[in-house]
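Here is how the chains run, residue by residue.
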Amino acid sequence: MDKKKIIITGGLGFLGSAIAKNFFHKYDVVIIDKVEQTDSKVNRLTEYSDHFFYRKMDLAEMSTSDIEWLEDELTSTHLFFHFAAAVGVKSIDKDPKASIIKEYQVNMALLPMLAKNKTRTIFASTSEVYGNKEDCKEDQELSIGTPDILRWGYACNKLMTEFLIRSYDVPHTIIRLFNVTGKNQSASQGMVLPKMIQDAKEKNRIYVYNQGKQTRAFCHVDDFVNSIDSIVHSDLFHNQIVNIGNDENKISILELAYKVKELISPNAEIELKDYHEEYSNESEDIFKRSPDTTKLKQVYTPSIGIDEIILSFKDE
Ligand SMILES: NC(=O)c1ccc[n+]([C@@H]2O[C@H](COP(=O)([O-])OP(=O)(O)OC[C@H]3O[C@@H](n4cnc5c(N)ncnc54)[C@H](O)[C@@H]3O)[C@@H](O)[C@H]2O)c1
């Protein structure tokens, strides 16, 4: 029997590539990304290129032939994973205005096509929509930070995309992701764990901002992939929002730094820094963030602990 087809936007990125690697046995995988397939620094699928079809295109600037190609592909697509976005505190902080405008352009081009073809779409939203909260539940009231700080545009964009998906009547599951991490996640985008580990290995230093009192709950990428596998093969999540994260792994950033020191680089020094030594005034730190995963646990319970997550970076 022919395999069904899935499309993954942002499919050469950290999470999209993890889905591709785990799904090509079951599905024909088509990947859309804006980076060169030959660039091994950003292509996490170089060893898997025989297992998927790649189309290089920027979803914010689609040509007529890109649109025609995608329209045609969507007529026979079983699942559409929409993961392409500017990601990471550092990347957003570099040019917050561009990421806000680009997300809008992507939505205006893509969502009407998904609506026309009634393509089931898995949209990667974010825990940032909850602002500064713990035990975040999918149906709770939301409040993000001040609009004077452009970094909140990322959360606002994701939330707007959630509303647009519903307004265009795109069949969907919206996944709100809480600090999914693991090997292959880039340190350059400012993701906390890969950055700590890179600094510990290369500079013998681990930098901690705002005294490290902030809390995060980390989820291993394998638990993320298994969550997705369970979600898309269940009937429970049609036109639903679901958190993906691991509430068991809630930890303060200072404790995390001590764990990285102990498990990766015992001689590294922990250095406390002011947040704005690293990030501009268009960015601000989030102090609390952890998921309520009651909904996810109906089909899957993430189980990989924080020590194992840290150790998974050891040989990178
Ligand atoms: N990793 C997490 O914990 C986390 C948390 C919250 C939300 N998310 C969301 O999950 C998705 C995937 O995140 P990731 O960690 O894999 O990020 P990533 O940066 O590793 O991957 C994103 C990919 O999207 C591509 N891309 C960006 N803009 C594009 C465009 N206009 N057209 C085509 N391709 C484009 C990039 O080239 C990149 O390969 C993102 O939408 C992100 O907002 C991730």
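Counting restarts for each chain, with residues numbered from 1 along the sequence as it is written. Local features in a predicted model are, by the rule used here, given only for residues with pLDDT of at least 70; side-chain atom pairs are given and counted only at 80 or more, and totals for whole chains, interfaces and linings are based on all residues. Calculated side-chain values reflect all of the structure's heavy atoms, with hydrogen atoms and water omitted.

1. Describing the overall build of the protein
Then, number 1: The secondary structure content of the protein amounts to 10 helices and 15 strands.
Then, number 2: Radius of gyration: C-alpha atoms only; globule rule: 2.2 Å multiplied by the number of residues to the exponent 0.38. Taking 316 residues into account, the globule formula puts the C-alpha radius of gyration at 20 Å, and the protein, at 19 Å, falls close to it.
Then, number 3: Over its C-alpha atoms, taken along the principal directions, the protein stretches across nearly 55 × 40 × 40 Å.
Then, number 4: Each of the 316 residues in the protein was classed as buried or not, and the buried ones make up 53%.
Then, number 5: Note on contacts: a residue pair qualifies if any of its non-hydrogen atoms lie within 4.5 Å across the two residues. Of the contacts made within the protein by residues no fewer than 6 positions apart, 78% connect residues no fewer than 24 positions apart.
Then, number 6: A 1.4 Å probe and the Shrake-Rupley method give the accessible areas. Residues count as covered only by the protein chains that appear here. Entry remark: accessible area of the protein is about 14600 Å², with carbon and sulfur atoms responsible for 48%.
Then, number 7: In this count, Lys and Arg are taken as positive residues and Asp and Glu as negative ones, while His and the chain termini are left out. Every charge is mapped to an atom, namely NZ of Lys, CZ of Arg, CG of Asp or CD of Glu. Across the protein, the mean location of the 39 positive side-chain charges is 1 Å away from that of the 49 negative side-chain charges. The helix count covers DSSP runs of H or I at least four residues long, the strand count covers runs of E at least two residues long, and both are numbered beginning at the N terminus. Here the term buried applies to any residue with accessible area under 20% of the maximum for its type, exposed to any over 50%, and partly exposed to those in between, with areas from a 1.4 Å probe on protein chains only.

2. A short note on the domain arrangement of the protein
Then, number 1: Domain borders in the structure are assigned automatically or taken from a domain database. Looking at the assigned domains, one finds that the protein contains domain 1 (4-180 + 218-247) and domain 2 (182-215 + 249-290 + 301-311).
Then, number 2: Domain 1 and domain 2 are separated by 24 Å when their C-alpha centres are compared.
Then, number 3: Contacts between the two partners involve 38 residues from domain 1, matched on the other side by 35 residues from domain 2.
Then, number 4: Together domain 1 and domain 2 conceal approximately 3200 Å² of surface at their shared face, both sides included; 50% is due to carbon and sulfur atoms.
Then, number 5: Any carboxyl oxygen of Asp or Glu that lies within 4 Å of a side-chain nitrogen of Lys or Arg is treated as forming a salt bridge with it. Our count for the domain 1 to domain 2 interface comes out at two salt bridges.
Then, number 6: Across the pair E134 and K250 runs a salt bridge, and its minimum N-O distance is 3.4 Å.
Then, number 7: Distance and chemistry together define a polar contact, namely a pair of N or O atoms within 3.5 Å, with one atom able to donate a hydrogen and the other to accept it when in protein, and with adjacent residues in sequence counting only for side-chain atoms on both sides. Connecting domain 1 to domain 2 are 19 residue pairs in polar contact (both at pLDDT 80 or more).
Then, number 8: Secondary structure elements with two or more residues in the side of domain 1 that touches domain 2: α1 (14-23), α3 (89-94), β6 (133-136), β11 (219-220) and α7 (221-232). The term buried area refers to how much accessible surface (probe radius 1.4 Å) is lost by two components on association, counted for both of them together.

3. Thoughts on the packing of aromatic side chains
Then, number 1: Ring geometry is summarised as follows: Phe, Tyr and Trp rings, the Trp one being its six-membered ring, pair when their centres sit within 6.5 Å, and such pairs are stacked at plane angles under 30 degrees, edge-to-face over 60 and tilted between the two. Applying the stated criterion across every chain yields a total of seven aromatic pairs.
Then, number 2: Taking 6.0 Å as the distance between ring centres and 85° as the angle between the ring planes, the aromatic pair formed by F23 and F81 counts as edge-to-face. Here F81 lies in strand β4 (residues 77-82) and F23 lies in helix α1, a separation of 58 residues in the sequence. For the residue pair F23 and F81, the accessibility class agrees, reading buried in each case.
Then, number 3: Relative to F224, the ring of F83 has its centre 6.3 Å away and its plane inclined at 55°; by these criteria the two rings are tilted. Placement of the pair is F83 in the loop between β4 and α3 and F224 in helix α7, with a sequence separation of 141 residues.
Then, number 4: Placement of a charge over a ring requires the Lys NZ or Arg CZ to be within 6 Å of the ring centre, with the centre-to-atom vector within 35 degrees of the ring normal. Over the face of the ring belonging to W152 we find R151, whose NZ or CZ atom lies 5.7 Å from the ring centre.
Then, number 5: Against the face of Y207 rests K273, its NZ or CZ located 4.4 Å from the ring centre.

4. Observations regarding the layout of surface pockets
Then, number 1: Think of a 1 Å grid over just the protein atoms. A cavity is a set of points where a 1.4 Å probe fits yet cannot get out, a pocket is an open set with protein on both sides within 12 Å along at least five of seven lines, and lining residues have an atom within 4 Å of a point. Grid points are joined across faces, edges and corners, and a volume is the space filled by probe spheres set on the points. If you add up the space inside the second largest pocket, you get close to 170 Å³.
Then, number 2: For the second largest pocket, the full set of lining residues is F14, S17, A18, K21, N22, K183, N184, V221, D222 and V225.
Then, number 3: Broken down by secondary-structure element, the contributors of at least two residues to the lining of the second largest pocket are α1 and α7.
Then, number 4: For the lining of the second largest pocket, the element with the most residues is α1, which contributes five residues.
Then, number 5: Just so you know the grouping, Ala, Val, Leu, Ile, Met, Phe, Trp, Tyr, Cys and Pro go in nonpolar, Asp, Glu, Lys and Arg go in charged, and all remaining residues, Gly too, go in polar. Looking at the lining of the second largest pocket, its residues break down into four nonpolar, three polar and three charged.

5. Section: the pattern of salt bridges
Opposite charge on two side chains permits pairing when their charged atoms draw close.
Then, number 1: Within the structure shown, the criterion is met by 18 salt bridges.
Then, number 2: Residues K102 and D58 are paired through a salt bridge, measuring 2.8 Å at the closest nitrogen-oxygen approach. Residue K102 is located in helix α4 (residues 96-117), and its partner D58 is located in the loop between β3 (52-56) and α2 (64-74); the two are separated by 44 residues in the primary sequence.
Then, number 3: K102 gets classed as partly exposed once you look at its relative accessible area, which sits at 27%.
Then, number 4: For R151, the salt bridge goes to E128, with nearest N and O atoms at 2.6 Å. Within this pair, whereas R151 is found in the loop between β6 and α5 (152-167), its partner E128 is found in the loop between β5 (120-126) and β6, the two being separated by 23 residues in sequence.
Then, number 5: Given the relative accessible area of 8%, R151 is considered buried.
Then, number 6: Here the salt bridges do not stand alone but share partners, grouping D58, E61 and K102 into one network.

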